[in-house]
Amino acid sequence: MWRQLTSEGDVASLMHAFGAFHDSCLKEACVSTESYVATNLSMSCPGHLHTNAHVLFQRQFKPVSVIELFFEQLTHFTLSPSPEGCDSIIHYARVTLEGGIFSLIGTFTAGPLRLPPGTPSGVWQRQPGTGEFRVAGRRLSWREAPGWLGSETRYGALENRV
């Protein structure tokens, strides 16, 4: 069941239900628009905000271990992955509602997957500008997806990939 957010209270409920994204990962994201090229090769582009995004998160805790967010009428979408050889565990994320725009902003821990022997954890420095994401839109809904733990791809069929 989708739950549409309409208030700060709804935002707080989402953050509480998913443990403020602690020890979670961004599993998948799918962005779509209403723009298209018709069979006669003419382009169709609506004049309104028509970009939407589905974003799937998994985390290591119960009772809610998987959620799907659906942003409508996107105003912002950026993803800067963690560097190679570093983790993608979400270090910090928050959902906000400001000026009628719902935003999800977060950072990955982006720590090295392997430290040299004898190196204390926490010594490494996160590389600025990496391991960050932001999604914002005029509408935001979410739902639990309890059967979606694991490595299976949920958005887009693998057999259609090049």
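Refer to the structure above for everything that follows.
Note that the structure is a prediction, hence the values are computed from the model and not measured.

Caption draft 1: The pattern of salt bridges, seen in detail. What the rule picks out here adds up to five salt bridges. Glutamate 72 is the salt-bridge partner of arginine 139, the closest N and O atoms lying 3.4 Å from each other. On the criterion of sequence distance, the pair formed by arginine 139 in strand 9 (residues 132–144) and glutamate 72 in strand 6 (residues 66–80) is long-range, its members being 67 residues apart. In this structure glutamate 72 comes out as buried when scored by relative accessible area, which is 18%.

Caption draft 2: Representation of empty space enclosed by the protein. In the structure shown here, the tally under the stated rule is one cavity of 30 Å³ or more. Counted as a void, the largest cavity has a volume near 30 Å³. Leu26, Ala29, Val55, Phe77, Thr78, Leu79, Phe133 and Val135 are the residues that line the largest cavity. Put simply, the parts of the chain that give the lining of the largest cavity at least two residues each are strand 2 (24–32), strand 6 and strand 9. Tallying contributions element by element places strand 6 first for the lining of the largest cavity, with three residues. Partitioned by chemical class, the residues of the lining of the largest cavity number seven nonpolar, one polar and no charged.

Reading guide: rules and limits
- Residues numbered from 1 in each chain as written.
- Predicted model: local features only at pLDDT ≥ 70, side-chain atom pairs only at ≥ 80, totals over all residues.
- Heavy atoms only, no water.
- Salt bridge = Lys/Arg side-chain N within 4 Å of Asp/Glu carboxyl O.
- Helix = DSSP H or I, 4+ residues; strand = E, 2+ residues; numbered from the N terminus.
- Buried < 20%, exposed > 50% of the residue type's maximum accessible area, 1.4 Å probe, protein only.
- 1 Å grid on protein atoms, 1.4 Å probe; cavity = no way out; pocket = protein on both sides within 12 Å on 5 of 7 lines; lining within 4 Å.
- Points joined across faces, edges and corners; volume = space filled by probe spheres on them.
- Nonpolar A, V, L, I, M, F, W, Y, C, P; charged D, E, K, R; others polar.

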